[in-house]
2 protein chains.
Amino acid sequence: MSTLLARVVTSARTATSSMSPDVDDWLAGRRGQPFESTPIPLDELTRCAGWRFAPGTGNLEHDSGRFFTVEGLHVRTNHGRVEEWWQPVLVQREIAILGILAKEFDGVLHFLLQAKMEPGNAGMVQLSPTVQATPSNYTRVHRGGRTPYVEYFTDPAGDRVLTDVLQSEQGAWFHLKRNRNVVVEVTGDVPPRDDFCWLTLGQIHALLQRRNIVNMDTRSVLGCLLGAAGGPVGGNGSDAASGHRGEPSGRLTMAEVLGWFTRRKSAQQLSARLVPMDSVVGWRREAGRIRREDDGGFSIVGVRARARTREVHGWEQPLLAPHGPTLAGLVVRSIGGRLHALVRAEALPGYLDTVELGPTVRFATDDLDRTPVEHRPEFLDHVLSASGTGSVRYDVVLSEEGGRFLHAETRYLVVEADDGFPLRVPPDFQWVTVEQLLSLVRHSYYLGVELRTLLLCLTGS
Amino acid sequence: MSTLLARVVTSARTATSSMSPDVDDWLAGRRGQPFESTPIPLDELTRCAGWRFAPGTGNLEHDSGRFFTVEGLHVRTNHGRVEEWWQPVLVQREIAILGILAKEFDGVLHFLLQAKMEPGNAGMVQLSPTVQATPSNYTRVHRGGRTPYVEYFTDPAGDRVLTDVLQSEQGAWFHLKRNRNVVVEVTGDVPPRDDFCWLTLGQIHALLQRRNIVNMDTRSVLGCLLGAAGGPVGGNGSDAASGHRGEPSGRLTMAEVLGWFTRRKSAQQLSARLVPMDSVVGWRREAGRIRREDDGGFSIVGVRARARTREVHGWEQPLLAPHGPTLAGLVVRSIGGRLHALVRAEALPGYLDTVELGPTVRFATDDLDRTPVEHRPEFLDHVLSASGTGSVRYDVVLSEEGGRFLHAETRYLVVEADDGFPLRVPPDFQWVTVEQLLSLVRHSYYLGVELRTLLLCLTGS
């Protein structure tokens, strides 16, 4: 058998497939189905839809005690402009499966994606992993139908696990959230059900050029798969002096990258403690939502969803609604013949180990007006001014998990630095090769969710 | 420059050094100094020594709010015989530096160790890293002297960082404890102060054959260094089919090991919440200590220490006192020409991500009498019955961190499995090559502290 890397490269170079000859048609059909998602006041959610504000805490939770809760978070940090704040946060202790089935057709790896409706999705239907389900879903707490294909991931005996790694999600909005990012290759017959389609990596990369088609979980899982394959970025990566066999090296050796990351974790102290939602300072519950007193950031809102293709045909739930799009901008540059990315060690209150790697700039554009020029994030102006010029390698709006966030759009932007761009950068930042990032994403909690998306988009562009 | 691996192997093969011609003499001199450590009731600690039981919680804490606290922990799990329990736990949020300076003398890497007194040390003085200090120590909260050599680790600019990785410590006794395990190689002149000595890895391996000489932190840091070097275990480790350059493979590929580890984290659910010490069920504060009602496990006790070689010449503090030694037994076996270790995915309440890899058996021998035969840990009898036979590769009592634990001795035992030993093992267990373990210990939170010690002892024996 050829290496996983060679098979991933072949799949990425395959732009059409007889398994999915007309993706646009199929997708239009899925998107034409009768789905609805309607905002409702939180009071309606708690009056008749199985949710409640828990007495004594004001935390928003489901009567079953499962799914997720909205709780308060009290944060203190020694890093950045604000040293202490309170905020609502989504708490979901269960480890969900984000699982993609892979299979060879005509010698090319295909991935089984699902056109799935989520109430918070921009465009309602996006392409999700084969399985995207919490134990609450697949053990059927909501008494809905069985989660299709879940058995390949709960019991992969006999099939080949290409990658299976826990990764975090949005550390600003989730408390300690982590999910299994898993790809299982099957050899037996797996007929695609309605709403499912076998796609090559090349087809998926083409869809990644379009707004809001490929969902966050699919991007995250495929980013991890590239890490397991170790590519498809070139270079022989040998570095005898590093002492580690076949280890990718660049401006820094891998040991230096790991050492920098450890020192950032030691330097950027942040403590985040769950507190009762009722005790959160600077936020209020009014007009059917939970909002910040200055109306900034995000709100917690309710939605009513109707979809006959989901396990449950109708339901109500809370969502976190950001007040504007986020910019996730990555600066890249060839140094010594290797492509480097300028990543940032970002401390966020929801991260399990405080710091993960993010893009050069991650910024809620809603905050732009209220942020004085001198407090705007490092490199923001560089990334924004490059937009629309020839130095842009990728510039597409994709959205974040529509099962938890309402229309959370992110503009993913990859720009090439020109020669005038500084190589010496502030201590939070580091030039790391794309190969080194691929090597790190095989392990948990190095690359945040936006950087996993950018890694996937960058290697396909 | 030759590779780090080659330099580590050379150091391990160098059994004597002109830098430290008579280690025994030096060590006897250090151990002959006037140190004292006397048990005192907790009430004495809180009456006059800067510690207190916090009103409202009963948590034991220092007046400065720093160092560490003793709090309550409420644990629930779906795994194992006991589904819910309460216990005291040590809480230390600061990331300490466990740092060893390395330097070449006569072409051989030496490591600067310190003969350091800790109040809980078996034998009072053990060999610690060059620096073993929390920010509370090295920023001088206790108003003592400066921590020598700390500047090499807080600001390593110009020196070469050989490894720098956060690792956990005892997940049964510490809540979310993590420390920097760091080795910095210097080229400039570093004169050893009193109590410090340059030793080769070969000299350290010889000292590891003796009871209670090399302390836990030194073992942990050197275990991480072996990971950074990728050795000194042989084998070419190439595995083209895995798709990852130069990746160590054995009975399982690295992708399979990582996938198994992720699935164990998903399967072994455990939630641990800090609660007020006063609300801990099944424990009481009496006769000057905090003890379990059945007197099992461990107690929290007070000690008074006197040592003129420490930054502060005398102090009082609480310690966790286990009621008997722990057995940490590792079964190893050559499979397909490669040495494999039988490791266990162990869920412990203090681990940041619930599960880390432990030895085949980790067992508090104090509990042996009260544990019915049918509930004794898997493989315990095998490990105990091998003891004293030719299949033992390593069998030495070493102790755990004497700054937090009182005489916490662990019997580290490595035994070779005979041909009758099962290759198929229960789902918590896995055969992993020593090379794969070395590759994992470069990253945080894969190998628990006992397995890091065993890895070091195994590769030196």
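Residues numbered from 1 in each chain as written. Chains lettered and ligands numbered in written order. Predicted model: local features only at pLDDT ≥ 70, side-chain atom pairs only at ≥ 80, totals over all residues. Heavy atoms only, no water.

Looking at an unreviewed UniProt entry, one finds chain A named NDP-hexose 2,3-dehydratase, with Streptomyces alkaliphilus as its source organism.

Caption draft 1: Here's a closer look at the overall build of chain A. Broken down by element type, chain A carries 11 helices and 25 strands. For 461 residues, the compact-globule estimate of 2.2 N^0.38 gives 23 Å, and the C-alpha radius of gyration of chain A, at 22 Å, lies within 12% of that figure. The dimensions of chain A, computed from C-alpha atoms along their principal axes, are 65 × 55 × 40 Å. The proportion of buried residues among the 461 residues of chain A is 62%. A separation of at least 24 residues holds for 72% of the contacts in chain A among residues at least 6 apart in sequence. Roughly 16900 Å² of accessible area belongs to chain A as shown, and the carbon and sulfur atoms make up 47% of that amount. Side chains of chain A carry 50 positive and 54 negative charges; the gap between the two charge centres is 2 Å. (Helix = DSSP H or I, 4+ residues; strand = E, 2+ residues; numbered from the N terminus. Rg over C-alpha atoms; globule rule 2.2 N^0.38 Å. Buried < 20%, exposed > 50% of the residue type's maximum accessible area, 1.4 Å probe, protein only. Contact = heavy atoms within 4.5 Å. Areas by Shrake-Rupley, 256 points an atom, 1.4 Å probe, with all protein chains shown as cover. Lys, Arg positive; Asp, Glu negative; His and termini not counted. Charge placed at Lys NZ, Arg CZ, Asp CG, Glu CD.)

Caption draft 2: A look at the interface of chain B and chain A. Listed as interface residues are 46 residues of chain B and, on the opposing side, 46 residues of chain A. When the two sides are added together, the surface that chain B and chain A hide from each other amounts to roughly 3800 Å², 46% of it contributed by carbon and sulfur. Counting across the interface, chain B meets chain A through four salt bridges. On the surface where chain B and chain A come into contact, there are nine residue pairs in polar contact (both at pLDDT 80 or more). Listed by contribution, the elements that provide at least two residues to the side of chain B that touches chain A are α1 (4–12), β10 (160–168), β12 (178–185), α7 (216–229) and α8 (254–267) of chain B. No other element matches α8(B), which puts eight residues into the side of chain B that touches chain A. When the residues that make up the side of chain B that touches chain A are grouped by side-chain class, the tally is 19 nonpolar, 14 polar and 13 charged. (Buried area = accessible area lost by both parts, 1.4 Å probe. Salt bridge = Lys/Arg side-chain N within 4 Å of Asp/Glu carboxyl O. Polar contact = N/O pair within 3.5 Å; in protein donor to acceptor, adjacent residues only side chain to side chain. Nonpolar A, V, L, I, M, F, W, Y, C, P; charged D, E, K, R; others polar.)

Caption draft 3: Structural context of the relation of the copies chain B and chain A. Between chain B and chain A, the superposition needs a rotation of 180° and an axial shift of 0.0 Å, giving an RMSD of 0.0 Å. This pairing of chains is accounted for by a two-fold axis. Taken as a fraction of all interface residues of chain B, those also at the interface in chain A reach 100%, which identifies the copy contact as same-surface. (Least-squares fit on C-alpha atoms with pLDDT ≥ 70 in both.)

Caption draft 4: Fine view of the nonpolar core. F111(A), L127(A), V343(A), L357(A), L437(A) and L447(A) are the most contacted members of the largest nonpolar core, which has 77 residues in total. Per-element tally for this core: the top contributor is helix α7 (residues 216–229) of chain A, with seven residues. Beyond its immediate sequence surroundings of up to four residues, V343(A) is in contact with W260(A), L330(A), L357(A), G358(A), D428(A), F429(A), Q430(A), V432(A), L437(A) and L451(A). Counting 71 residues, the second-largest nonpolar core is a separate cluster that includes L127(B), L162(B), A229(B) and L330(B). (Core = buried A, V, L, I, M, F, W, Y, C linked by side-chain atoms within 4.5 Å.)

Caption draft 5: Region of interest: the pattern of salt bridges. All names here are of chain A. Across all of its chains, the model carries 64 salt bridges over all chains by this definition. A salt bridge links E400 to R219; the shortest N-O distance between them is 3.4 Å. Here E400, found in the loop between β23 (392–399) and β24 (409–416), pairs with R219, found in helix α7; they are 181 residues apart in sequence, far enough to count as distant. Accessibility assignment for this pair places E400 and R219 in one class, buried. The closest approach of N and O atoms between R376 and D381, which form a salt bridge, is 3.4 Å. The exposure class assigned to R376 is partly exposed, which follows from its relative accessible area of 24%. Given a relative accessible area of 44%, D381 falls into the partly exposed group. Among the ionic contacts, a cluster of salt bridges with common partners joins R7, E104, R160 and E185.

Caption draft 6: Local environment of the side chain of H110(A). All names here are of chain A. Relative to the helices and strands, H110 resides in strand β7 (residues 108–117). Given the relative accessible area of 2%, H110 is considered buried. In terms of polar contacts, H110 uses its side chain to reach the side chain of S17, at 2.6 Å. Non-local contacts of H110, meaning those with residues more than four positions away in its chain, are made with S17, M19, L101, A102, K103, F105, W198, L199 and T200.

Caption draft 7: Up close: α7(B). Residues and elements named next belong to chain B. Between the first and last C-alpha of α7 there are 20 Å, a value that for 14 residues agrees with the 20 Å anticipated at 1.5 Å per step. Along α7, 14 of the 14 residues are buried, which leaves the element largely enclosed by surrounding structure. Two to three positions downstream of the cap, the backbone nitrogen of D217 sits 3.1 Å from a side-chain oxygen, assigning the N-cap of α7 to N215. Directly after α7, the chain includes G230, whose backbone phi takes a positive value near 80°. (Expected span 1.5 Å × (residues − 1).)

Caption draft 8: Spotlight on empty space enclosed by the protein. Throughout the structure, instances matching the rule amount to six cavities of 30 Å³ or more. Taken as a whole, the second largest cavity holds about 310 Å³ of empty space. Lining the second largest cavity are 28 residues, and of these S444(A), Y445(A), Y446(A), S444(B) and Y445(B) lie nearest its centre. Looking at the lining of the second largest cavity, the elements with two or more residues in it are β10 (160–168) and α8 (254–267) of chain A together with β10 and α8 of chain B. (1 Å grid on protein atoms, 1.4 Å probe; cavity = no way out; pocket = protein on both sides within 12 Å on 5 of 7 lines; lining within 4 Å. Points joined across faces, edges and corners; volume = space filled by probe spheres on them.)

Caption draft 9: Layout of the environment of P248(B). As for its position among the elements, P248(B) is in the loop between α7 and α8. C-alpha of P248(B) to C-alpha of S439(B): the two residues are 191 residues apart in sequence and 7.8 Å apart in space.

Caption draft 10: Representation of the packing of aromatic side chains within the structure. Residues and elements named next belong to chain A. Taken as a whole, this structure holds 20 aromatic pairs over all chains when the rule is applied. Judged by centre distance (5.2 Å) and plane angle (40°), the rings of F261 and Y446 are tilted. Taken together, the residues F261 in helix α8 and Y446 in the loop between α10 (434–440) and α11 (449–460) connect sequence positions 185 residues apart. Each member of the pair F261 and Y446 is classed as buried. Each ring, one from F379 and one from F429, has its centre 5.0 Å from the other, and the planes form 85°; the classification is edge-to-face. Of this pair, F379 sits in the loop between β22 (361–364) and α9 (380–386) while F429 sits in strand β25 (residues 429–433), and the two are 50 residues apart along the sequence. By the ring-pair criterion, three or more aromatic residues cluster together here, those being F379, F421, F429 and W431. (Phe/Tyr/Trp six-rings, centres within 6.5 Å; stacked < 30°, edge-to-face > 60°.)

Caption draft 11: Structural view of the environment of R219(B). All names here are of chain B. Given a relative accessible area of 0%, R219 falls into the buried group. Those residues in contact with R219 that sit more than four places away from it in its chain are L208, V214, L398, S399, E400, Y412, R452, T453 and L456. Side-chain polar atoms of R219 contact the backbone oxygen of V214, separated by 2.9 Å.

Caption draft 12: Layout of the packing of α7(B) against helix α11 (residues 449–460) of chain B. All names here are of chain B. Two elements in contact, α7 and α11, have axes separated by 8 Å at closest approach and are oriented at 70°. The pairing of α7 with α11 is recorded here as roughly perpendicular in orientation. Both α7 and α11 take part in a crossing whose hand is left-handed. Facing M216, R219, S220, L222, G223, C224 and L226 of α7, the residues of α11 in contact are V449, R452, T453, L455, L456 and T459. Its residues assigned to classes, the contact of α7 with α11 shows seven nonpolar, four polar and two charged. (Axes fitted to C-alpha atoms, helices over the stretch in contact; angles between N-to-C directions. Parallel < 35°, antiparallel > 145°, perpendicular 65-115°, else oblique. Left-handed = near helix turned anticlockwise from the far one by under 90°.)

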